[in-house]
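Chains, contacts and geometry: an overview
Listed here are the chains, written in short residue letters.
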Amino acid sequence: MKLTLIGAGPGDPELITLKGVKALQKAKVVLYDSLAHPSLLDHCPTDCVKILVGKRFGKTSCGQDDINNLIVACANQYGEVVRLKGGDSFVFGRGYEEIVFAQQHGIESEIIPGISSSYAVPALAGIPLTSRGVSESFWVITGTTKSHALSKDVYLAAQSTATVIILMGLHKLDEIVGIYASLDKMDEPIAIIQNGSMQNQKVVTGKISNIEPLAKLSEIGSPAIIVIGQVAALPDLSFDQVQAMIKQEEFQVK
C-alpha cells in the first residue's frame, strides 16, 4: 500500500511540478483540497475516484482525523492513494501528520514537493522576499495556530528587519497591525495578495498605518497572503527610489 503526497502549487494549475502531473496520470483515487485547482484533476484517468476533502477558514468539509482515516481506507481498498494539497504539503499543509498516520498503518509514502505560495505568490505580484540592500532574510508564519490564535512569532519577527510573510492571517489583520504599531512601525510597507497566481488575483499595498481601511475598501478576502517589510513597497517605486533605499540601508549598516 502506498500514499503519494503531491503539492499542487500556489493556485495556477500550470505551476504544479511535472512529477506531480505524472503521479496524477496514474492515480486510482485522489483526495484533493479546495486550494488545489480543479483542472488538475483532468490529468487523472477517467476511472479515477476523486474525493474533495477541502478545508477553508470557517468552512470545513472534512476534519483532519476524517482525512487521515480516509487515506487509510482508500489505501486498503485501492492499494494506493494520492493526496493532492495546495502549495507545498510540508509548509503549513499538515502533510507530515498524514505521512506519520499512514506509516502507523503500514502504508509507505512518497512525497512530491510543490511550489509554496509563501514565496511564489509575492514573486508573481512583483515582490521579492529578499533584495540586496533591502532585505536579507524572511520569516514565514502562520496566522492561525492550532489554538486558532495568531502565532506569537509575529511579534518576534516584527522586531527584526526581515520580510515577514503571514499565511492564513487576513482575519487577524487588526492584531497584526496592533503588533507593528506597538513597535512604532506605522510606516512599514505591507501588501495583501488575494488569489495569488490566479487570473482574479487582487493586490492591496499600503503601510501599517492605513492598510486596514484600504483592505476594507478593496473588499479583499481569503485566501490571501500578507507580506510586511520594505520589499512590499518595491513594485510601486521607481528605479531611482529603489537605489536611494539601498544606499540608505547600506549607510545604516555602516
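So, here is what we can say about the structure in this document. (Residues numbered from 1 in each chain as written. Predicted model: local features only at pLDDT ≥ 70, side-chain atom pairs only at ≥ 80, totals over all residues. Heavy atoms only, no water.)

Topic: the side chain of S118
Tracing the backbone shows S118 in helix 4 (residues 117-124). A polar atom in the side chain of S118 sits 2.7 Å from the side chain of S116. Among residues more than four places away in sequence, those in contact with S118 are L129, V140, I165, L167 and I225. (Helix = DSSP H or I, 4+ residues; strand = E, 2+ residues; numbered from the N terminus. Polar contact = N/O pair within 3.5 Å; in protein donor to acceptor, adjacent residues only side chain to side chain. Contact = heavy atoms within 4.5 Å.)

What about the packing of helix 2 (residues 64-78) against helix 3 (residues 95-104)?
Two elements in contact, helix 2 and helix 3, have axes whose closest approach is 10 Å; the angle formed by their N-to-C orientations is 45°. Here helix 3 runs oblique to helix 2, going by the angle between their axes. Considering the relative orientation of helix 2 and helix 3, their crossing is right-handed. Residues Q64, I67, N68, N69, I71 and V72 of helix 2 form the contact with helix 3, whose own contacting residues are E97, E98 and F101. (Axes fitted to C-alpha atoms, helices over the stretch in contact; angles between N-to-C directions. Parallel < 35°, antiparallel > 145°, perpendicular 65-115°, else oblique. Left-handed = near helix turned anticlockwise from the far one by under 90°.)

Overview of the packing of helix 6 (residues 173-182) against helix 7 (residues 211-218)
Closest axis-to-axis distance for the helix 6/helix 7 pair is 10 Å, and the angle between their directions is 160°. Between helix 6 and helix 7, the interaxial angle falls into the category roughly antiparallel. Note on packing geometry: the crossing formed by helix 6 with helix 7 is right-handed. Between helix 6 and helix 7, the contacting residues are L173, D174 and V177 on the first element and I211, E212 and A215 on the second. Along the lines of polarity and charge, the residues of the contact of helix 6 with helix 7 split into 4 nonpolar, no polar and 2 charged. (Nonpolar A, V, L, I, M, F, W, Y, C, P; charged D, E, K, R; others polar.)

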